[in-house]
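# Observations on chain architecture
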Amino acid sequence: MEEAYHCPDQKKLQALKDMANQLRIHSIESTNTAGSGHPTSCCSIAEIMSVLFFHTMRYKVAEPRDPASDRLILSKGHAAPILYAVWAEAGLFPVSELAKLRTIDSDLEGHPTPRLSFVDFATGSLGQGLSCGAGMAYMGKYFDKTSFRVYCVIGDAESAEGSVWEALNFASYYKLDNLCAIFDINRLGQSDPTMLQHDFETYKKRTEAFGWNTVVIDGHDVEAVCRAFHEASVCKDRPTAILAKTFKGKGVPGVEDFENYHGKALGDKGKAAVELIKKSMSNHGPHDLRPQPVTDTVPSINLEAKLSKPPNYKIGEKVAVRRAYANALVKIGHTCDRVLALDGDTKNSTYSLNYRKEFSDRHVECFVAEQNMIGVAMGLAARERAITFSSTFAAFFTRTFDHLRMAAVSQTPANFCGSHCGVSIGVDGPSQMALEDIGMFRSIPNCVVFYPSDAVSCERAVELAANYKDMTFIRATRGDTPIIYQNDEPFEIGKAKIVRESANDTVLVIGAGVTMIEAMKAADELKKENIHVRVMDPFTLKPVDKAAIIKHAKAVGGKILTVEDHYVEGGIGETVAAAVAEETGITVRMLAVPRIPRSGPGDALLDLYGISAKSIIKSVKGL
């Protein structure tokens with residue numbers, strides 16, 4: 001039976017109005033003190049924030065990341081000052097700290113980051129918050145199976161981002177009725193009015209077409225906001241979109257609903273507005289507003305994962321690394337029931353389909369919406385509720401680079417696996433060939449980049465990734481490649497392997513994946529001509545085993561040849577060159593894909609672009 005709506009009494013409504021105005025004052029004053037910020041964007045959501053924090057949401061002030069509490073994501077992260085203000089008013093930290101906004105020694109940064117205990121995701125790169133919220137809501141409904149709700153405040157300008165609509169699609173498909181998106185439709189963007197301005201009929205048609213329960217309100221009417229959040233809480237099997245008609249700079253004469261005030265401290269106009277706002281308030285002193293209590297619990301979980309069985313392959317047997325990725329996922333899934341696999345409708349190619357067959361309730365199909373998949377993974381992993389592995393073709397992660405970048409700023413422990421890398425995939429052609437992915441993931445702070453060369457090392461990479469506390473990327477070769485390691489071979493992050501070695505080596509050849517196999521072929525052929533080379537498998541390209549590279553380079557006379565199925569920019573060659581940059585007497589020659597490739601058989605393309613065993617032999621002789 002649905003809970004009936006009870007309108008707050010006049011005293012509570014007035015207190016919420018006063019709180020909204022107090023939040024406006026804090027936002028104006030803190031940005032004036034900082035000399036920068038976005039006070040007008042804060043003023044438009046003051047009533048929404050007041051009602052959320054002091055009437056609607058259930059949360060623990062003393063424990064902002066309590067896993068049983070409701071969640072708030074401020075997707076329009078430029079409105080950070082009002083987020084900081086509402087937590088200060090809730091009692092988490094002194095209101096006086098707001099004066100430190102945007103100073104170098106304060107965590108009250110220009111946009112929210114998880115340096116703050118009450119922030120789950122860094123926001124400010126627009127259009128990403130709702131995907132994270134969808135992941136959190138999915139966790140609550142299908143895994144934790146508890147009553148916490150997720151609220152996401154979205155700017156109308158950022159709703160032009162396609163990732164917002166990817167998230168709307170995902171949330172309605174999975175019936176995330178514990179998710180509420182609040183669109184702050186204040187009509188004005190950064191440099192111009194927004195595309196739809198206050199055309200609520202179109203907004204409503206669009207959100208309803210995506211399967212959302214939609215409520216249109218006056219976003220400055222406290223009672224209407226209270227009622228809308230109640231309607232969202234009782235709606236079943238559909239997420240709710242609250243379309244709030246608001247005005248940018250609400251409450252500031254000469255600024256409210258005017259252009260050209262985005263991202264600016266309001267100076268004297270702000271000071272004058274503060275005095276006017278104070279006169280409209282009934283209460284200027286301490287308030288007795290408190291958050292709603294948390295009434296539910298979430299299950300205790302264990303996030304330790306290991307392979308249930310060691311790798312089981314034979315030396316020389318040919319196995320695709322992408323298949324080993326799936327084998328390892330299943331194995332760690334048997335030891336930890338919070339390992340979740342996500343995919344972008346490529347599960348029959350990445351083989352995450354095998355995980356779904358084994359654990360159907362722990363596989364999340366995100367369809368062909370890779371940006372949203374990143375956000376959902378972030379939401380699922382937030383507050384230490386899951387270990388996530390997201391897979392698709394490595395090339396398709398490049399469209400998600402901003403989301404991955406923000407995931408790093410959010411300190412997200414999410415794992416990603418990209419298959420179908422390089423020209424070795426063959427006839428599918430360049431649109432499917434990841435040739436930039438190593439450089440991309442290497443540029444992301446704290447991200448470990450695994451490039452396993454066989455199935456044994458891939459299984460160990462998955463196990464290591466599952467227990468790593470930051471982001472990881474596993475580059476998985478498409479084609480079948482021979483097993484080169486014994487099943488009991490130990491692997492460590494940042495430790496390379498030597499797979500060919502003699503006392504007479506004159507060149508150090510470094511490859512990975514398919515080029516590791518080509519390097520081994522070349523070494524065997526060169527040995528017939530009494531030319532000996534040492535072959536290194538880096539295993540991880542970030543961190544790279546700098547000490548081993550220098551040691552073995554010096555042991556062979558200072559000559560290094562790198563070979564990779566990747567463009568030279570950001571790949572193995574440049575990684576190695578950076579590792580030895582401060583050493584004297586070391587020369588690095590690089591073999592990499594030199595230009596945009598074409599379709600063709602994989603082996604022929606390795607030859608055509610100069611990264612096959614034949615090319616390695618020629619280069620070694622040249623050295």
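The rules behind the values
- Residues numbered from 1 in each chain as written.
- Predicted model: local features only at pLDDT ≥ 70, side-chain atom pairs only at ≥ 80, totals over all residues.
- Heavy atoms only, no water.
- UniProt positions renumbered as here; feature names shortened; annotations may be inferred.
- Helix = DSSP H or I, 4+ residues; strand = E, 2+ residues; numbered from the N terminus.
- Rg over C-alpha atoms; globule rule 2.2 N^0.38 Å.
- Buried < 20%, exposed > 50% of the residue type's maximum accessible area, 1.4 Å probe, protein only.
- Contact = heavy atoms within 4.5 Å.
- Areas by Shrake-Rupley, 256 points an atom, 1.4 Å probe, with all protein chains shown as cover.
- Pairing = 2+ DSSP bridges.
- Axes fitted to C-alpha atoms, helices over the stretch in contact; angles between N-to-C directions.
- Phe/Tyr/Trp six-rings, centres within 6.5 Å; stacked < 30°, edge-to-face > 60°.
- Core = buried A, V, L, I, M, F, W, Y, C linked by side-chain atoms within 4.5 Å.
- Parallel < 35°, antiparallel > 145°, perpendicular 65-115°, else oblique.
- Left-handed = near helix turned anticlockwise from the far one by under 90°.
- Nonpolar A, V, L, I, M, F, W, Y, C, P; charged D, E, K, R; others polar.
- Salt bridge = Lys/Arg side-chain N within 4 Å of Asp/Glu carboxyl O.

Named according to an unreviewed UniProt entry, the protein is Transketolase originating from Stylophora pistillata. The record held by UniProt for the protein lists under Sequence similarities (unreviewed entry) the comment "Belongs to the transketolase family."

### What to know about the overall build of the protein
The helix and strand tally for the protein stands at 21 helices and 19 strands. Taking 25 Å as the expected radius of gyration for a compact globule of 623 residues, we find that the protein reaches 28 Å, a close match to that expectation. Principal-axis analysis of the C-alpha atoms gives the protein an extent of 90 × 55 × 40 Å. Looking at the protein as a whole, 61% of its 623 residues qualify as buried. Put simply, 79% of the contacts in the protein that link residues at least 6 apart link residues at least 24 apart. A total accessible area of about 23,800 Å² is found for the protein, and carbon and sulfur atoms account for 48% of it.

### Comments concerning the sheet that holds strand β4 (residues 213–218)
On the basis of which strands lie adjacent, the open sheet formed by five strands has the order β1-β2-β3-β5-β4 and parallel pairing. With partners counted over all chains shown, the strands left at the sheet margins are β1 (71–74) and β4, one partner each. The sheet shows a mean angle of 20° between the axes of neighbouring strands, direction not considered. Taken together, the six bridges between strand β3 (residues 179–185) and strand β5 (residues 240–245) define a ladder with parallel strand orientation.

### Section: the packing of aromatic side chains
Taken as a whole and assessed by the stated rule, the structure comprises 27 aromatic pairs. Measuring from ring centre to ring centre gives 5.0 Å for Y355 and F359, while their planes differ by 50°; the resulting arrangement is tilted. Residue class for Y355 comes out buried when judged on its relative accessible area of 0%. Judged by relative accessible area, F359 falls into the buried class, the value being 9%.

### Examining the side chain of H26
Here H26 is to be found in helix α1 (residues 10–34). Since its relative accessible area comes to 11%, H26 is described here as buried. For H26, the residues in contact, after removing those within four places along its chain, are A85, E89, V95 and L98.

### Considering the sheet that holds strand β14 (residues 497–500)
Read from one edge of the open sheet, five strands run β14-β16-β15-β18-β19, paired in mixed fashion. Edge positions in the open sheet fall to β14 and β19 (587–593), since each of these has one partner strand only. When strand polarity is set aside, the average angle formed by the axes of neighbouring strands in this sheet is 25°. Pairing between strand β18 (residues 559–567) and β19: six bridges, direction parallel. In the sheet register, V563 faces β19, and the bridge partner there is L591. Strand contacts of helix α18 (residues 546–555): β14, β15 (507–510), β16 (533–537) and β18, with the helix running at about 175° to β16, the strand carrying the most contacts.

### What about the nonpolar core?
One finds L130 and F441 to be the most contacted residues of the largest nonpolar core, which totals 83 residues. Examining the composition of this core, we find that eight residues originate from one element, helix α5 (residues 129–143), more than from any other. When neighbours within four sequence positions are excluded, L130 is seen to be in contact with S75, C152, I154, V164, A167, L168, L179, A181 and W212.

### Focus on the packing of helix α10 (residues 321–335) against helix α16 (residues 455–466)
Following both chains from N to C, one finds α10 and α16 inclined at 45°, their axes separated by 8 Å at the closest point. Put simply, α10 runs oblique to α16. Crossing of α10 against α16: the hand is right-handed. Across from V321, A324, Y325, N327, A328, L329, K331 and I332 in α10, the residues of α16 making contact are A455, C458, E459, V462 and A466. Classifying every residue of the contact of α10 with α16 gives ten nonpolar, one polar and two charged.

### Considerations on the environment of V153
Relative to the helices and strands, V153 resides in strand β2 (residues 150–155). Contacts of V153, omitting those with residues within four sequence positions, involve I45, I48, L52, L72, I73, L74, S75, K76, E158 and I182.

### Let's talk about helix α21 (residues 613–622)
Turn by turn, an α-helix covers 3.6 residues, leaving residues three or four places apart pointing in a common direction. Along α21, the residues that are buried comprise A613, S615, I616, I617, S619 and V620. On its buried side, α21 packs onto β15, α17 (514–528), β16, β18, β19 and α20 (602–608).

### A closer look at the pattern of salt bridges
On inspection of all chains with the given rule, the structure shows 30 salt bridges. D144 serves as the salt-bridge partner of R385, at 2.9 Å between the closest nitrogen and oxygen. Highlighted residues: R385 in the loop between α13 (370–381) and β9 (387–393) and D144 in the loop between α5 and β2, separated in sequence by 241 residues. For the residue pair R385 and D144, the accessibility class agrees, reading buried in each case. Put simply, E529 and K621 hold a salt bridge, and the shortest N to O gap is 3.0 Å. Note that E529 is positioned in the loop between α17 and β16 and K621 in helix α21, a separation of 92 residues in sequence. Within this structure, D144, R338 and R385 form a network of salt bridges that share partners.

### Quick look at the packing of α5 against α13
Packed helix pairs are characterised by how far apart their axes lie and by the angle those axes make with each other. Running from N to C, α5 and α13 cross one another at 50°; their axes reach a closest spacing of 6 Å. Classified by the interaxial angle, the pair formed by α5 and α13 is oblique. Seen from above, α5 lies across α13 with right-handed handedness. Mapping the contact onto sequence places S131, C132, A134, G135, M136, Y138, M139 and F143 in α5 and N372, G375, V376, M378, G379 and L380 in α13. Of the residues in the contact of α5 with α13, the class split is nine nonpolar, five polar and no charged.

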